[in-house]
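# Notes for the structure review
Each chain is listed here by its residues.
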Amino acid sequence: MELLLQQLERFSEVLAVSRTTHVSSWDPATVRRALQWARYMRHVHRRFGRHVRIRTALERRLQNQWKQEDGSGPAAIPGLTNFRDLGRGDLLLSQRLLENRALGDAAFHCLLQQLFPGPGVRDAEEETLRDSLRLQDSLALLARRRAAVHLLRVHGFGENSALRDDSLVKTQAALLLERLQEAGKADAEGPGRLLGSLGERWPQNSFMEVIAAALLLPSSSPRPPREELELGSPKTPGEGRDELVRWLLGKSDIMVTFCRSLPAELLTSVAGRHPELFQVYLSLLTDWGRHLHYDLQKGIWVGAEAGGVPWEELCGRFQSLCQAPSPLKDEVLSALEACKAQDGDFEVPGVSIWTDLLLALESGA
């Protein structure tokens with residue numbers, strides 16, 4: 001009996017520690033041992049739940065363990081405080097670890113693997129799998145949210161995007177869409193607040209890259225009519241990508257950053273999937289073109305101010321759009337022809353930037 005009481009005290013201490021920063025020192029083996037201990041304690045709960053004498057002794061030991069030294073009340077961060085909680089100690093432990101951002105990366109991944117083992121589990125692990133399935137309904141949403149934050153904060157937004165793995169970006173994008181959909185169901189303004197918070201806290205270029213990847217993920221359901229995405233239309237819970245489009249259309253400064261920071265090929269792909277974003281992108285390109293003037297001495301188009309879009313970049317972005325299939329290519333060429341006509345319809349190079357852009361596109365330069 002005394003050995004059982006000591007084991008109960010030790011697990012109760014582990015449960016209390018799981019809410020503190022001390023878990024930063026936990027490795028995967030520690031997480032596995034803690035969960036195994038929790039499952040053993042649940043077995044103790046089932047075995048002695050109807051045994052009044054043993055149950056009373058166990059509960060008294062728990063209550064005495066977490067009294068403050070002066071006897072005035074429970075400790076600030078208690079572990080188990082009653083026998084009933086012993087039957088859900090694994091749930092309490094898992095929930096506290098998922099909520100504790102001090103838990104290290106390796107330990108966190110191990111926790112997810114223990115809770116959601118997936119297919120291919122051996123028969124000898126059938127009880128563990130059954131325990132995990134019992135917990136999944138209670139912990140799935142919390143685990144997804146913690147995983148999303150973990151990926152977006154720790155792995156997703158490194159400054160050096162050249163080193164980032166494409167599969168990781170897609171994972172981040174999928175998690176972002178899921179969080180946006182959940183936020184939209186809870187509150188019509190939730191997606192905007194979430195995106196605003198992410199935009200303030202993480203490197204800008206990487207955030208724009210994840211947004212673009214999210215916009216390019218395959219749709220799980222047919223897209224709504226285009227008019228449903230227009231500004232001022234009522235917001236209804238829908239796919240996260242639709243929330244992304246609304247947000248970009250409503251944030252002109254962020255849309256400019258989105259169109260300027262991402263590679264031309266990536267933006268062309270986004271434009272092909274989202275006509276409403278293509279129209280804004282095309283409008284920005286023509287506006288950037290109007291800020292260039294021809295330098296007679298250098299024989300090139302230059303910007304009037306520092307930080308403007310140079311000729312090479314502008315031409316490259318138009319070329320990328322013109323390499324896309326119709327109707328994207330046709331709309332771009334029509335827009336350039338219209339700008340050329342408004343500018344005097346010159347055919348001589350160096351007079352109108354629209355003439356020179358069309359000539360460059362024709363030659364493939």
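Everything that follows concerns the structure shown earlier in this document.
Residues numbered from 1 in each chain as written. Predicted model: local features only at pLDDT ≥ 70, side-chain atom pairs only at ≥ 80, totals over all residues. Heavy atoms only, no water.

## Remarks on the side chain of His-274
To keep things clear, this is the line we draw: Runs of H or I in DSSP of at least four residues are treated as helices and runs of E of at least two as strands, each being numbered from the N terminus. Each residue is placed in one exposure class: buried if its accessible area under a 1.4 Å probe, protein chains only, is under 20% of its type's maximum, exposed if it is over 50%, and partly exposed if it falls in between. We call two N or O atoms a polar contact when they sit within 3.5 Å, provided that within protein one can donate a hydrogen and the other can accept it, with sequence-adjacent residues counted only if both atoms are side-chain atoms.
Among the structural elements, His-274 can be located in the loop between helix 13 (264–273) and helix 14 (275–290). Exposure remark for His-274: the relative accessible area of 0% places this residue in the buried category. Separated by 2.8 Å, the side chain of His-274 and the backbone oxygen of Leu-215 make a polar contact.

## Side note on helix 13
This is how it is decided: When we speak of the arc, we mean the arc of directions from the helix axis to the C-beta atoms. Here, two residues are considered to be in contact whenever any of their heavy atoms come within 4.5 Å of each other.
Of all the positions in helix 13, only Ala-264, Leu-267, Thr-268, Val-270 and Ala-271 are classed as buried. For helix 13, the arc enclosing every buried residue in end-on projection is 165°, short of the 170-degree limit, so these residues lie on one face. Away from its buried face by more than 90 degrees, helix 13 exposes Glu-265 and Gly-272. The inward-facing, buried residues of helix 13 contact helix 10 (204–216), helix 12 (252–261), helix 14, helix 15 (311–322) and helix 16 (328–342).

## Observations concerning the nonpolar core
Buried together is how nonpolar side chains tend to be arranged in soluble globular proteins. Quick note on the threshold: Take the buried residues of types Ala, Val, Leu, Ile, Met, Phe, Trp, Tyr and Cys, join any two whose side-chain atoms come within 4.5 Å, and each joined set is a nonpolar core.
One finds Ile-211, Leu-215, Phe-258, Leu-314, Phe-318 and Leu-357 to be the most contacted residues of the largest nonpolar core, which totals 57 residues. Sort the elements by how many residues they give to this core and helix 10 lands first, with eight residues. Once you skip the residues sitting within four places of it in the chain, Ile-211 turns out to touch Leu-244, Trp-247, Leu-248 and Phe-258. Counting residues in each nonpolar core, the second largest holds 30 residues, with Leu-93, Leu-97, Leu-112 and Leu-115 among its members.

## Some points on the packing of helix 5 (residues 89–99) against helix 6 (residues 105–115)
We apply this condition: Helix axes use the C-alpha atoms of the stretch in contact, all axes being lines fitted to C-alpha atoms, and the angles between their N-to-C directions lie in the range 0 to 180 degrees. Put simply, a crossing is left-handed when the front helix is turned counterclockwise from the back one by less than a right angle, and right-handed when it is turned clockwise. In this classification, the charged set is Asp, Glu, Lys and Arg, the nonpolar set is Ala, Val, Leu, Ile, Met, Phe, Trp, Tyr, Cys and Pro, and all remaining amino acids, among them Gly, are polar.
Between helix 5 and helix 6, whose axes approach to 11 Å, the crossing angle comes to 145°. When the axes of helix 5 and helix 6 are compared, the crossing they make is left-handed. On helix 6, the residues touching Ser-94, Leu-97 and Leu-98 of helix 5 are Phe-108, Leu-111, Leu-112 and Leu-115. A breakdown of the residues in the contact of helix 5 with helix 6 according to their chemical character gives six nonpolar, one polar and no charged.

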